[in-house]
Amino acid sequence: MWRAIPGGVTAPQGYRAGAVRAGLKPSGALDLTLIYSETPAVAAGAFTTSQMRAACVTYCQQQLQTGQPVRAIVCNAGQANAATGPQGWQDVCTTAAAFAQALGIAAHEVLVASTGVIGRLIPMEKLLGAIPALLAVTTQEGGDLAAQGILTTDLVPKTVALESTGLHPPIRVGGIAKGSGMIHPNMATLLAFLTCDAPVAAPLWRRLVQEAVAVSFNQITVDGDTSTNDMCLALANGAAGGPPIQPEDPAAATLAAMLTEACTQLAKKVARDGEGATCLIEVCVRGTDTDAAARTIARTVSGSLLVKAAVFGRDPNWGRIAAAVGRAGVPFHPEDLAIDLGPIPLMRGGQPLPFDREAGRAYLHSDPVVIHIQVGQGPGVGYAWGCDLSYDYVRINAEYTT
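Scope of this entry: the structure provided in the associated data block. Residues take numbers from 1 onward in each chain, read along the sequence in its written order. Since the coordinates come from a predicted model, pLDDT governs what is reported: local features require at least 70, and pairs of side-chain atoms require 80 or more to be given and counted, while whole-chain, interface and lining totals use all residues. Only hydrogens and water are set aside; all other atoms, that is, all heavy atoms of the structure, feed into the side-chain values.

On to empty space enclosed by the protein, then. Site definitions follow a grid-based scheme: protein atoms alone, a 1 Å grid, a 1.4 Å probe that fits but cannot get out for cavities, and for pockets an open set with protein on both sides within 12 Å along at least five of seven lines, plus lining residues having an atom within 4 Å of a point. Grid points are joined across faces, edges and corners, and a volume is the space filled by probe spheres set on the points. Summed over the entire model, instances satisfying the criterion amount to two cavities of 30 Å³ or more. Roughly 90 Å³ of internal volume is contained in the largest cavity. Lining the largest cavity are 13 residues, and of these Val 311, Asp 315, Pro 316, Asn 317 and Ile 321 lie nearest its centre. Labels follow the DSSP assignment, with helices taken as runs of H or I lasting at least four residues and strands as runs of E lasting at least two, numbered in each case from the N terminus. Of all the secondary-structure elements, those providing two or more residues to the lining of the largest cavity are α9 (305-312) and α10 (318-326). Charged residues are taken to be Asp, Glu, Lys and Arg, nonpolar residues to be Ala, Val, Leu, Ile, Met, Phe, Trp, Tyr, Cys and Pro, and polar residues to be all remaining types, Gly included. Taken together, the residues of the lining of the largest cavity break down into 10 nonpolar, one polar and two charged. Its boundaries defined by the atoms lining it, the second largest cavity holds a volume of some 40 Å³. Every residue lining the second largest cavity is listed: Val 74, Cys 75, Asn 76, Asp 91, Val 92, Thr 95, Val 112, Ala 113, Ser 114, Ile 122 and Leu 127. Elements with a minimum of two residues in the lining of the second largest cavity: β4 (70-79), α2 (85-103) and β5 (110-117).

On to the environment of Leu 162, then. Tracing the chain through its elements places Leu 162 in strand β6 (residues 158-164). Taking the relative accessible area as the measure of exposure, Leu 162 reaches 1% and is therefore buried. Sequence separation between Leu 162 and Thr 66 is 96 residues, and the spatial gap between their C-alpha atoms is 29 Å. Residues count as neighbours in contact if any of their non-hydrogen atoms are within 4.5 Å of one another. If we skip the residues at most four places from it in the chain, Leu 162 touches Trp 2, Arg 3, Ala 4, Ile 5, Ile 171, Arg 172, Val 173, Met 258, Glu 261, Ala 262 and Gln 265. For every residue, the accessible area (1.4 Å probe, protein chains only) is compared with the maximum for its type, and the residue is labelled buried under 20%, exposed over 50%, or partly exposed between those bounds.

Time to look at the nonpolar core. For the purposes of this section, nonpolar cores are sets of buried Ala, Val, Leu, Ile, Met, Phe, Trp, Tyr and Cys residues that join through side-chain atoms within 4.5 Å. With 53 residues, the main nonpolar core has Leu 32, Phe 99, Val 110, Phe 193, Met 231 and Leu 233 as its most contacted residues. One finds Leu 167, Val 213, Leu 266 and Leu 280 within the second-largest nonpolar core, a separate group that totals 40 residues.

Salt bridge, as applied in this entry: a Lys or Arg side-chain nitrogen positioned within 4 Å of an Asp or Glu carboxyl oxygen. Throughout the structure, instances matching the rule amount to 13 salt bridges. A salt bridge links Asp 273 to Lys 158, with the nearest nitrogen and oxygen atoms 2.7 Å apart. Residue Asp 273 is located in the loop between α7 (250-272) and β10 (280-287), and its partner Lys 158 is located in strand β6; the two are separated by 115 residues in the primary sequence. Judged by relative accessible area, Lys 158 falls into the buried class, the value being 0%. A salt bridge links Glu 163 to Arg 172; its shortest N-O distance comes to 2.8 Å. On the basis of relative accessible area, Glu 163 is assigned to the buried category, the value being 10%. What makes Arg 172 partly exposed here is its relative accessible area of 26%.

Empty space within the largest pocket amounts to approximately 490 Å³. Lining the largest pocket are 17 residues, and of these Pro 26, Val 117, Thr 152, Thr 153 and Tyr 400 sit closest to its centre. Listed by contribution, the elements that provide at least two residues to the lining of the largest pocket are β4, β5 and α12 (391-398). Classifying every residue of the lining of the largest pocket gives six nonpolar, seven polar and four charged.

Before going further, it helps to spend a moment on the packing of aromatic side chains. Each aromatic pair joins two rings of Phe, Tyr and Trp (for Trp, the six-membered one) with centres within 6.5 Å, and gets the label stacked for planes under 30 degrees apart, edge-to-face for over 60, and tilted for any other angle. Applying the stated criterion to the full structure yields three aromatic pairs. Aromatic side chains Phe 312 and Tyr 391 sit 5.1 Å apart centroid to centroid with 85° between the ring planes, which places their arrangement in the edge-to-face category. With a gap of 79 residues between them, Phe 312 in helix α9 and Tyr 391 in helix α12 connect regions that are remote in the sequence. Relative accessible area serves as the criterion here: at 23%, Phe 312 is assigned to the partly exposed category.

Where burial is concerned, most of β4 is hidden: 10 out of the 10 residues are buried. When DSSP finds two or more bridges between a pair of strands, those strands are recorded as paired. Sheet topology places strand β3 (residues 32-47) next to β4; six bridges connect them, and they run antiparallel. What sits directly across from Leu 34, in β4, is Val 74.

Okay, the side chain of Lys 178 next. Looking at the secondary structure, you find Lys 178 in strand β7 (residues 172-178). Summary of buried charges: Lys 178 has no salt-bridge partner, and the nearest side chain of opposite charge, Asp 154, is 4.2 Å away. Among the polar contacts made by the side chain of Lys 178, one reaches the side chain of Thr 152 at a distance of 2.8 Å. As used throughout, the charge tally considers Lys and Arg to be positive and Asp and Glu to be negative, leaving His and the chain termini uncounted. Whenever two N or O atoms come within 3.5 Å, that pair is a polar contact, provided that in protein one can donate a hydrogen and the other can accept it, and provided that, for residues adjacent in sequence, both atoms are side-chain atoms.

Let us now look at the state of the cysteines. The disulfide criterion is simple: two cysteine sulfur atoms within 2.5 Å. Following the criterion strictly, the structure yields zero disulfides and no others. With no disulfide of its own, Cys 279 lies 7.7 Å from the sulfur of Cys 387, the closest cysteine sulfur. Accessibility expressed as a relative area gives 1% for Cys 279, which makes it buried. Summary of cysteine pairing: Cys 284 is not part of a disulfide, and the nearest cysteine sulfur, belonging to Cys 279, is at 17 Å. By relative accessible area, Cys 284 is classed as buried at 3%.

And the structure:
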């Protein structure tokens, strides 16, 4: 149905991207990023549910509500521009207007994202002064630069690109993401930017983005904390050509699957790169009445601090898994509960099974660690992803601003 290709957000046709060192980060790393569509694109987004939203989140929400096309996404790293009052809002507007003027487009065609320390204003003179240099490195080969430019405490860039294999003309989906700490469902704590060259109507694109986010970014957790700046922005510019994709077209199903796969790959990379993490945890739940119920249980288990700590300690303590399932808020019969740690059965019919603890300990050195849970015979299936909880998580966050 599709194949992996290089390029990230610049793999789809008609996109350019780049990043520069504007001096926004004390480290001197890349910190200002631009993703640009050569033609107007339909846009969709998902945003943090926090009441303490950063100015850029409110700005992008308002812009997307107008339904107008979008051409550019600008992201600064180093300052969250959250809890910064009227000046923070003005800085977002100034950023959009300045990039619009430099690109020769309308201000409403520019979306703005920020990541970094909460309560810090953006050094606007540095940001604005870096625009010419950023435009100079914004190219069709700039996807990897863009992936690096949005990072904060991340250890590795996160990028994906897919090309359909059964459509003519083919379509492509690309994406980048950042996130390592303050990661929890309800848009998690991350930034994700997706590009697509399929011709698709705005209502269909918005629905597909929301559905993809629900089973990917909203199913990861690192530490249970939701941030102020979470957003996923997705552009589709139609540069691949062909007739507009309609909901009933086979191409719509392919596009939905590609978008979900791209989001899922990025979400898993975020969870694996959790601050201090040594492995990815994948939880699969089956047997509920609905997929949503299964996702709720999976999210609860992957977010359990006790489960995460047990995985880090290579302790096959299945009781912590069972306890997390029980408090997820989804009704089930305890006598139906089954749990497997990878290939090792731990529980059947709500009763423990004898198992080789050393084999369990050895399996917990795997990456990923996969936990299978069955709670009944219903059709519901859900996945969630997290990471183990290590000593380094405390160190990283204890020293975050010092």
